[in-house]
Amino acid sequence: MFKLKIKEAKICVIGLGYIGLPLYTELSKNFDTFGYDINKKRISELKKCYDRNNQISKRQLNKIKKNIFFKKNELFKSVNTFIITVPTPIYKNKKPNLGMLIESSKFVGKILSKGSIIIFESTVYPGVVENICVPVLENFSQLKFNRDFFCGYSPERINPGDNLNTIKKVNKIISASDKSCLKYMKSLYGSFLESKIHIADSIKIAEASKVIENAQRDINIAFINEITIIFDKMKLDTNKILKAARTKWNFLDFKPGLVGGHCIGVDPYYLSYVSSKNGYIPKIINSGRQINDHMGKFICKKINRNINKKKINIKNSNILFLGLTFKENCPDIRNSKVFGMIDYYKTKVNKIHISDPLLNKKDLNSNYSKYFIKNPKKNFYDVVIVSVAHKFYKSLVLENFQTFCKKTYIIFDVKNILEDDINVLKL
């Protein structure tokens, strides 16, 4: 039976990214808390009170930076509560990559003491915590699960770039391997949450609830993307059709576009993987992923048709991409589908430039940094693609974008931020 009292909590948050850093910040207000990450550059920046993810202020970081580490510290011996928030990406073959989760479990296993709890927040498919992580913890600690140590799972619900649905304000799901452990988790998260806590019946149910959240959104967007392709062939304006459809009280309001990122563009593959392992090849999930993964190519082909109509020589043309991150108002470039569009054009046109107010050239690898330009050139581009709807771009008017263009030009507005302008091509 789990016996740790909440007043005895000594916490280590492992992985100080989009999920871990805000969580570490909140827990530090009420508990003795440490932060750990293997990214030396990330830790160095945080120690200097700089969060490149724009989530935590300099003032907040200054209060907590002393307990942030990139190497195992002697202080960790006192830790009895580990919260693992590392990324769970996919391989190139779309299979789950649990490498960082397993390495984190090894790290914890080596310093784990009796009576401790390990809480996982990383997105996984049902069964990962108990079937993959627990055996690693047992092996490296030589302790017994549910006797010497306990586990919980509480899926993250961070929405980068969203200042409304912050970590304190979103409903939280918790689950644990022991009832007393569950009570402890409720007190732990309840110490900073302003929202409701939902108790799942098991760790597997909590894992499943997380992995379907983004899969559902992915499928809904895929449907809208598919009808966009259909209506494009019929020469009908999808945005006008959606505007009409939204007048029905129960119409689900989704918009067409690029679907990337570390969640919506990844989680469905975790669900598809575990489904296939259990003897069922999912049809809707896989089809939705296929549609969304190919949306960038559809946009490029639509642009090409209009390039031909304008009699622009594509081989001699210059293209400007405005926005490179996977979503608006967020500096995260992981799995951004804009990269695919750049790859499509890089051998077909004269010159490509990328500009994004949230990024610096050093944020990109050499394959793309060579295209990055802080200030786009005036009267230089044949095609301007407004690929990410950052607030900065929304504050501009058509004339601002036109200053970058040659006399004959195309402006393609992926997210329809210039919605009412008939001179702008829309998805």
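Residues numbered from 1 in each chain as written. Predicted model: local features only at pLDDT ≥ 70, side-chain atom pairs only at ≥ 80, totals over all residues. Heavy atoms only, no water.

### Looking at the overall build of the protein
Assigned secondary structure in the protein consists of 15 helices and 13 strands. Radius of gyration (C-alpha) of the protein: 24 Å, near the 22 Å computed for a compact globule of 427 residues. Seen through its C-alpha atoms, the protein measures out along the principal axes to roughly 75 × 50 × 40 Å. Counting only residues that meet the buried cut, the protein has 54% of its 427 residues in that class. (Helix = DSSP H or I, 4+ residues; strand = E, 2+ residues; numbered from the N terminus. Rg over C-alpha atoms; globule rule 2.2 N^0.38 Å. Buried < 20%, exposed > 50% of the residue type's maximum accessible area, 1.4 Å probe, protein only.)

### Comments concerning the packing of aromatic side chains
This model, assessed by the stated rule, comprises 17 aromatic pairs. Look at Phe34 and Phe69: their rings are 6.3 Å apart centre to centre, the planes differ by 50 degrees, and that puts the pair in the tilted class. On the criterion of sequence distance, the pair formed by Phe34 in strand S2 (residues 32-36) and Phe69 in strand S3 (residues 68-69) is long-range, its members being 35 residues apart. With relative accessibility at 3%, the residue Phe34 sits in the buried group. One aromatic cluster in this structure is built from Phe34, Tyr36, Phe69, Phe76 and Phe107. Across from the ring centre of Phe69, 5.5 Å away, lies the NZ or CZ of Lys47, which sits over that ring. Here Lys248 stacks its cationic end above the ring of Trp249, 4.4 Å away from the centre of that ring. (Phe/Tyr/Trp six-rings, centres within 6.5 Å; stacked < 30°, edge-to-face > 60°. Lys NZ or Arg CZ within 6 Å of the ring centre and 35° of its normal.)

### Remarks on the pattern of salt bridges
Counting across every chain of the model gives 23 salt bridges. A salt bridge links Glu45 to Arg52; the nearest nitrogen and oxygen atoms lie 2.6 Å apart. Its relative accessible area of 12% is what places Glu45 among the buried residues. You can call Arg52 partly exposed: its relative accessible area is 22%. Taking the shortest distance from any N to any O, the salt bridge between Asp232 and Arg305 comes out at 2.8 Å. (Salt bridge = Lys/Arg side-chain N within 4 Å of Asp/Glu carboxyl O.)

### Side note on the sheet that holds strand S12 (residues 405-413)
Across the sheet, 5 strands lie side by side as S10-S9-S11-S12-S13; this open sheet has parallel pairing. Two strands lie at the open edges of the sheet, namely strand S10 (351-355) and strand S13 (425-426), each paired on one side alone. The pairing of strand S9 (residues 318-322) with strand S11 (residues 381-386) spans 4 bridges and is classified as parallel. By the bridge assignment for S11, Leu322 is matched with Val386. Sitting on the sheet, helix H11 (residues 295-309) touches S11, S12 and S13, and the angle it makes with S12 is about 150 degrees. Of the strands in this sheet, S9, S10 and S11 touch helix H12 (residues 338-345), which is tilted by about 175 degrees from S9. (Pairing = 2+ DSSP bridges. Contact = heavy atoms within 4.5 Å. Axes fitted to C-alpha atoms, helices over the stretch in contact; angles between N-to-C directions.)

### Let's talk about the nonpolar core
Residues Ile118, Phe120 and Cys151 are the most contacted members of the largest nonpolar core, which totals 41 residues. With 5 residues, helix H5 (residues 128-141) is the single largest residue contributor to this core. Grouped together as the second largest cluster of nonpolar side chains are 35 residues, Phe2, Ile83, Leu182 and Tyr184 included. (Core = buried A, V, L, I, M, F, W, Y, C linked by side-chain atoms within 4.5 Å.)

### Notes on the side chain of Asn214
Position of Asn214 relative to the elements: it lies in helix H7 (residues 203-233). On the basis of relative accessible area, Asn214 is assigned to the buried category, the value being 11%. A distance of 2.7 Å separates polar atoms of two side chains, one belonging to Asn214 and the other to Asp267. (Polar contact = N/O pair within 3.5 Å; in protein donor to acceptor, adjacent residues only side chain to side chain.)

### A short note on the packing of helix H9 (residues 267-277) against helix H10 (residues 284-293)
It is the contact of H9 with H10, at a shortest axis distance of 10 Å, that shows an interaxial angle of 150 degrees. For the crossing formed where H9 meets H10, the hand is left-handed. Contact residues: H9 offers Pro268, Tyr269, Leu271 and Ser272, while H10 offers Ile285, Asn286, Arg289 and Asp293. (Left-handed = near helix turned anticlockwise from the far one by under 90°.)

### Focus on H5
Here H5 is 14 residues long and its end C-alpha atoms lie 18 Å apart, about the 20 Å a rise of 1.5 Å per residue gives. Residues of H5 that are buried make contact with helix H4 (99-111), strand S5 (116-120), strand S6 (149-153) and H7. Backbone geometry just after H5 places Gln142 at a positive phi near 60 degrees. (Expected span 1.5 Å × (residues − 1).)

### So, the sheet that holds strand S1 (residues 10-14)
Across the sheet, 8 strands lie side by side as S3-S2-S1-S4-S5-S6-S7-S8; this open sheet has mixed pairing. This sheet does not close on itself; its edge strands, each paired only once, are S3 and strand S8 (197-199). Sheet analysis places S6 next to strand S7 (residues 172-176), joined by 2 bridges and oriented antiparallel. Residue Tyr153 lies in a different strand from S7, and its bridge partner there is Ser175.

### Brief notes about the pairing of S6
Working note: regular strand, side chains alternate between the two faces of the sheet. The buried fraction of S6 amounts to 5 of the 5 residues, a majority that puts the element mostly inside the structure. Residues of S6 alternate between two faces, with Phe149, Cys151 and Tyr153 on one and Phe150 and Gly152 on the opposite face, all of them buried. Of the strand pairs in this sheet, S5 and S6 are connected by 5 bridges, and their pairing is parallel. In the strand pairing of S6, Ser116 is matched with Phe149. Where the polypeptide runs from S5 across H5 and back to S6, its parallel neighbour, the crossover connection is right-handed. (Right-handed = clockwise from strand over helix to strand, strands pointing away.)

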